[in-house]
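# Summary of structural features
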Amino acid sequence: MKHLLKLLDVTGEEIIELLNLADQLKYERKHGIEHACLKGKTLGMIFQKASTRTRVSFEVGMYQLGGSALFLGANDLQIGRGEPVEDTARVLSRYVDGIMIRTFKQAEVEALAEYGSIPVINGLTDFAHPCQVLADLMTIREYKGVLEGLNFCYIGDGNNMANSLIAGGLKTGMRVSIACPKGYEPDETVLSFARAYGDQFKLTDVPADAAANADVVYTDVWASMGQEAEKAAREKAFQGYQVNDALLASAASGCMVQHCLPAHRGEEITAEVFESHAGEIFDEAENRLHVQKAVLKRLMG
Ligand code: CP
Ligand code: NVA
C-alpha cells in the first residue's frame, strides 16, 4: 500500500491490518504510551473544502506521532490560481513527506499520487471518503466484536460516503444494503464492483427493505459540500429517506446508528435517533484520529 486514494484499491486484509494497528495505537494513547514513529516528518494538508474532523484529527495525529502538519488552504496555494496539480505534486514532494488532500475531483487526487513521489491520502473527494470509512469500520468492530456477517445498511444519497462504505463493507465481509431514491444511486464503478458480490449486496429505493434486520444503520447529509445550490430539490427527492424510530423498528435489536458528521437533524436523521446513539456516533468521530494515525504510520513510517 503506497497511497490511500480509495478503498476500491485496498484489499480486505490491508483494511483489517490497519484496523488492528489503529486499535493498538488507541490503546497506547489511552495508556500514555508515546509512539514517535514519524519524528521529523511533515504532512502537507491541502483543503479545497471546509473541515472540522479531518483537519483536526490529521494535525493532532501527526503531532502525536512525533511529526508535524502544514495546513494548506487552496485559496492560499497557487493551485487556487490554476497551477496544475501535477506541478504542485512534484514541488511538494521536495518539501514534505506525505500529502493529505480534500478536494472535488477524484482525478486530482489520483494525479497527485501519479506525479508526486510521496504517499497521498484522500481526505474526501466527491467520489470517496476512505479515512471516514476506516473509522466507521473500526467503530463497528469495537461495538459488535466482528465485521464479517453483519448486516450493514445505508440510507440516503449515493454519494462519496455510500461509494466508500460499499467498498469497505463488502471487502470486510459485511452484507451491504443501500436505499437511495432513483437518480441518486452510488457511482456506477462502485455498483459494478458490488454486483460481483452477489447476494451480499442489495440496492433498493425502499428504505424499510434495506433496514430490515440491520445491525448497523448509516446515513449522511442529503446535500454534500459543493451541492448547496441543489439543496431544495434534494430535500424533496429524499423525503422518506430519514433515519427515524419507525425505520429502526425493522432493524435488528441492538442496532447501531452511525453518521460521518456533520449531521442535519430533522433531515437525514431525527434529533431523537441522533441523541440516543450519540455515544457510538462520537466514538466514530474519535476513531478518525486513531485510524488515520495507523494510515500515517503505515504510509510514512
Ligand atoms: N466527517 C468528516 O470528514 O468531517 P469534516 O468534514 O469535519 O472533516
Ligand atoms: N457527503 C458529505 C460528507 C462530509 C464528511 C460531503 O461530501 O459533504
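Up top you'll find the structure we're talking about.
Residues numbered from 1 in each chain as written. Chains lettered and ligands numbered in written order. Predicted model: local features only at pLDDT ≥ 70, side-chain atom pairs only at ≥ 80, totals over all residues. Heavy atoms only, no water.

### Notes on the overall build of the protein
When helices and strands are counted, the protein shows 12 helices and nine strands. Its C-alpha atoms give the protein a radius of gyration of 19 Å, within 12% of the compact-globule value 19 Å for 301 residues. Each principal axis of the C-alpha atoms in the protein carries an extent, and together these give about 55 × 45 × 35 Å. Residue burial in the protein is summarised as follows: out of 301 residues, 58% are buried. The contacts in the protein between residues at least 6 apart in sequence include a share of 76% that link residues at least 24 apart. Accessible surface computed for the protein: about 12600 Å², of which carbon and sulfur atoms make up 50%. Looking at charge distribution, the protein has the averaged site of its 30 positive side-chain charges lying 5 Å from that of its 41 negative ones. (Helix = DSSP H or I, 4+ residues; strand = E, 2+ residues; numbered from the N terminus. Rg over C-alpha atoms; globule rule 2.2 N^0.38 Å. Buried < 20%, exposed > 50% of the residue type's maximum accessible area, 1.4 Å probe, protein only. Contact = heavy atoms within 4.5 Å. Areas by Shrake-Rupley, 256 points an atom, 1.4 Å probe, with all protein chains shown as cover. Lys, Arg positive; Asp, Glu negative; His and termini not counted. Charge placed at Lys NZ, Arg CZ, Asp CG, Glu CD.)

### Focus: the nonpolar core
Within the largest apolar cluster, 57 residues are counted, with the highest numbers of intra-cluster contacts made by L4, I121, F152 and L296. A total of seven residues in this core trace back to one element, the largest contributor, which is helix α5 (residues 130-144). What I121 contacts, discounting residues up to four positions off in sequence, is L4, F58, I99, M100, I101, C131, V295, L296 and L299. (Core = buried A, V, L, I, M, F, W, Y, C linked by side-chain atoms within 4.5 Å.)

### Some details on the pattern of salt bridges
Taken as a whole and judged by the stated rule, the model has 16 salt bridges. The shortest N-O distance in the salt bridge between D205 and K182 comes to 2.6 Å. Of this pair, D205 sits in the loop between β7 (201-204) and α8 (207-211) while K182 sits in the loop between β6 (175-179) and α7 (188-195), placing them 23 residues apart in sequence. Among the residues examined, D205 registers a relative accessible area of 30% and is labelled partly exposed. The exposure class of K182 is exposed, given its relative accessible area of 64%. Three or more residues are tied together by salt bridges with common partners; here these are K6, D9 and E110. (Salt bridge = Lys/Arg side-chain N within 4 Å of Asp/Glu carboxyl O.)

### Some remarks on the sheet that holds strand β2 (residues 68-73)
Read from one edge to the other, the open sheet built from four strands follows the order β2-β1-β3-β4, with strand pairing classed as parallel. The sheet terminates laterally at β2 and β4 (120-122), the two strands that pair on one side only. Pairs of neighbouring strands in the sheet enclose a mean axial angle of 20 degrees, with direction left out of account. Summarising the sheet, strand β1 (residues 42-47) and β2 pair through six bridges and their orientation is parallel. Paired with G44 across the strands is L70, a residue of β2. (Pairing = 2+ DSSP bridges. Axes fitted to C-alpha atoms, helices over the stretch in contact; angles between N-to-C directions.)

### Here's the deal with the packing of helix α1 (residues 12-30) against helix α12 (residues 278-300)
One way to put it is that α1 packs onto α12 with a least axis distance of 8 Å and a crossing angle of 115 degrees. Considering the angle they form, α1 stands roughly perpendicular to α12. Crossing hand, α1 versus α12: right-handed. Packed against α1, whose contacting residues are E14, E17, L18, L19, L21, A22, L25, K26, R29 and K30, the element α12 presents E286, N287, H290, V291, K293, A294, V295, K297 and R298 at the interface. Among the residues forming the contact of α1 with α12, the class breakdown is eight nonpolar, two polar and nine charged. (Parallel < 35°, antiparallel > 145°, perpendicular 65-115°, else oblique. Left-handed = near helix turned anticlockwise from the far one by under 90°. Nonpolar A, V, L, I, M, F, W, Y, C, P; charged D, E, K, R; others polar.)

### Structural notes on the packing of aromatic side chains
Summed over all chains, the structure comprises eight aromatic pairs. Seen from their ring centres, F47 and F71 are 5.4 Å apart, and the 25 degrees between their planes marks the pair as stacked. Of the two residues, F47 is situated in strand β1 and F71 in strand β2; the sequence distance between them amounts to 24 residues. On the basis of relative accessibility, which here comes to 38%, the residue F71 falls in the partly exposed class. Relative to Y241, the ring of F238 lies with its centre 6.3 Å away and its plane at 85 degrees, an arrangement referred to as edge-to-face. Owing to a relative accessible area of 7%, Y241 belongs among the buried residues under this scheme. Grouping aromatic residues by their ring pairs yields a cluster made of Y184, W222, F238 and Y241. A cation over an aromatic ring shows up here: R55 above the ring of F71, its NZ or CZ 4.0 Å from the ring centre. When the ring centre of F274 is taken as reference, the NZ or CZ atom of R265 above it lies at 4.1 Å. (Phe/Tyr/Trp six-rings, centres within 6.5 Å; stacked < 30°, edge-to-face > 60°. Lys NZ or Arg CZ within 6 Å of the ring centre and 35° of its normal.)

### Considering the site of ligand 2
Taken together, L124, H129, N159, N160, D220, V221, S224, M225 and L261 make up the full set of residues near ligand 2. N159 places a polar side-chain atom, nitrogen or oxygen, 3.4 Å from a nitrogen atom of ligand 2. Note that a nitrogen atom of ligand 2 is positioned 2.6 Å from one of the side-chain N or O atoms of D220. Contact with the protein chains covers 95% of the free accessible surface of ligand 2, which is 270 Å². Partitioned by chemical class, the residues of the shell around ligand 2 number four nonpolar, four polar and one charged. (Near = heavy atom within 4 Å. Polar contact = N/O pair within 3.5 Å; in protein donor to acceptor, adjacent residues only side chain to side chain.)

### Details of the site of ligand 1
What surrounds ligand 1 is the set S51, T52, R53, T54, R102, H129, Q132, C260, L261 and R288. Interatomic distance of 2.7 Å between a backbone N/O atom of T52 and an oxygen atom of ligand 1. Within the side chain of T54, one N or O atom sits 2.7 Å away from an oxygen atom of ligand 1. Broken down by class, the residue content of the shell around ligand 1 amounts to two nonpolar, five polar and three charged.

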